Amino acid sequence: MKSGKPTINDVARIAGVSKKTVSRVINRSPLLHVATRAKVEGVIAEIGFVPNPQARALALRRNFLIGLIHDNPNAQTVLNVQQGMLQGLRDTEFELIVRPVDRHSPEMLADVRRFLECQRPHGVLLMPPIAENEALPALCREVGCRYVRMGSAVLDTPDRTVASNDSHVVVEAVAHLIAQGHARIAIIAGPDGFLSAAERRKGFDSALAAAGIALLPGFVAAGAYTFESGIAAGDQLLDLPQPPTAIFACNDEMAAGALHAARRRGLSVPEDLSLIGFDDTGLAAHLWPPLTTVRWPGMVLARQAARKLIADTFVDAEADPADERWLFESQLVLRDSVAPPRR
């Protein structure tokens, strides 16, 4: 090597193969003998050759960027999704870029178009709630960008969606409250325009109906998936002449706010009020008492979405057929915030 930085030509010369063969190894082409691949990979590791992603992008007419486009009020949820995507891209040459948008802005579509046309990502994950906006996948198709939509229900074809079973698991969560003897059960709903909020409300209503329990007047409080909105909703519910004995909150942040509202009134959880949240963020286990909640598989969904986005370029000889899945179940996590109501 004439310079201190090894090149693809150096790898080819030392391995005794053509430059094209080295390129196929780098690009994980399946059209190679196992022994040849192992030999070239050994040379790459020995001399410390690092492929130039910009040069490869030009040669392959492909960008090695995967985008995450979101407008989600829960910072922890966004971080979990980022972590899941990074897990899905591990051991590949793809990198993650994150683009927040404002779903209420009349310029949102134009903003996303500029992002796609300027950065030219190989593909993008659309997080809820913007994943539910049909104009965004249509835009992705128009500019020729792969996409996967994440949601609380199926939003697209299996190769373009990853989804959770929110309504079904909320039925299980509310049924747990009912099994403890609760009949005065309220809900802190999610914000309008979120499919997750609609799916969780559907599960809540279904559980009450299945048990023959009426939803009492005033037992629905609007929330915005934030701690502050949980406090306000908790205040509203607990100030009723006959307040609920149990509250299901559509996410953990709002459940934490409701817990705060209860404590300000001198109420004890779970003796005076049972609480269930949704997401199982780190907050849920750190509250006192630890929060019974639903574990939403956001990290798993994001990892799967990333793998779907690069499936046409990444060859993995040990790939599990289960990686084609698109529906993942949330799970009820029982902790200490639920108990039978006081008699």
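Shown above is the structure to which this text applies.
I will try to describe carefully the structure that is included in this document. (Residues numbered from 1 in each chain as written. Predicted model: local features only at pLDDT ≥ 70, side-chain atom pairs only at ≥ 80, totals over all residues. Heavy atoms only, no water.)

Right, let's talk about the side chain of D71 for a bit. Relative to the assigned elements, D71 resides in the loop between β1 (65-70) and α5 (75-89). Judged by relative accessible area, D71 falls into the buried class, the value being 14%. In terms of polar contacts, D71 uses its side chain to reach the backbone amide nitrogen of R103, at 2.7 Å. (Helix = DSSP H or I, 4+ residues; strand = E, 2+ residues; numbered from the N terminus. Buried < 20%, exposed > 50% of the residue type's maximum accessible area, 1.4 Å probe, protein only. Polar contact = N/O pair within 3.5 Å; in protein donor to acceptor, adjacent residues only side chain to side chain.)

With the rule as written, the count across this model stands at 16 salt bridges. The closest approach of N and O atoms between R113 and E117, which form a salt bridge, is 3.4 Å. Of this pair, R113 and E117 both sit in helix α6 (residues 108-119), four residues apart, roughly one helical turn. Judged by its relative accessible area of 28%, R113 falls in the partly exposed class. A relative accessible area of 47% places E117 in the partly exposed class. Put simply, R335 and D280 hold a salt bridge, and the shortest N to O gap is 3.0 Å. In this pair, R335 is assigned in the segment after β12 (331-333) and D280 in the loop between β9 (274-276) and α12 (282-286), connecting sequence segments 55 residues apart. Its relative accessible area of 16% is what places D280 among the buried residues. Salt bridges sharing partners connect three or more residues here, namely D235, D239, R264 and R265. (Salt bridge = Lys/Arg side-chain N within 4 Å of Asp/Glu carboxyl O.)

A word on the packing of aromatic side chains. Under the counting rule described, the total for this entry stands at three aromatic pairs. Their ring planes at 55° and their centres at 5.3 Å tell us that F64 and F94 sit as a pair that is tilted. Here F64, found in the loop between α4 (53-60) and β1, pairs with F94, found in the loop between α5 and β2 (95-100); they are 30 residues apart in sequence, far enough to count as distant. No difference in accessibility class separates F64 from F94, as the two residues are buried. Ring centres of F204 and F248 lie 6.5 Å apart, and the angle between their planes is 20°; this geometry places the pair in the stacked category. Of the two residues, F204 is situated in helix α9 (residues 195-211) and F248 in strand β8 (residues 246-249); the sequence distance between them amounts to 44 residues. Each member of the pair, F204 together with F248, is buried. The ring of F278 carries the charged tip of R200 above its face, separated from the ring centre by 3.7 Å. (Phe/Tyr/Trp six-rings, centres within 6.5 Å; stacked < 30°, edge-to-face > 60°. Lys NZ or Arg CZ within 6 Å of the ring centre and 35° of its normal.)

Within the largest apolar cluster, 66 residues are counted, with the highest numbers of intra-cluster contacts made by M85, L125 and M150. Per-element accounting of this core gives the leading share, seven residues, to helix α11 (residues 252-264). If sequence neighbours within four positions are ignored, L125 has contacts with G67, L68, I69, V81, M85, V148, M150, A302, A305 and L309. If you look at the next biggest cluster of nonpolar residues, it comprises 18 residues, including L65, I69, V112 and L136. (Core = buried A, V, L, I, M, F, W, Y, C linked by side-chain atoms within 4.5 Å. Contact = heavy atoms within 4.5 Å.)

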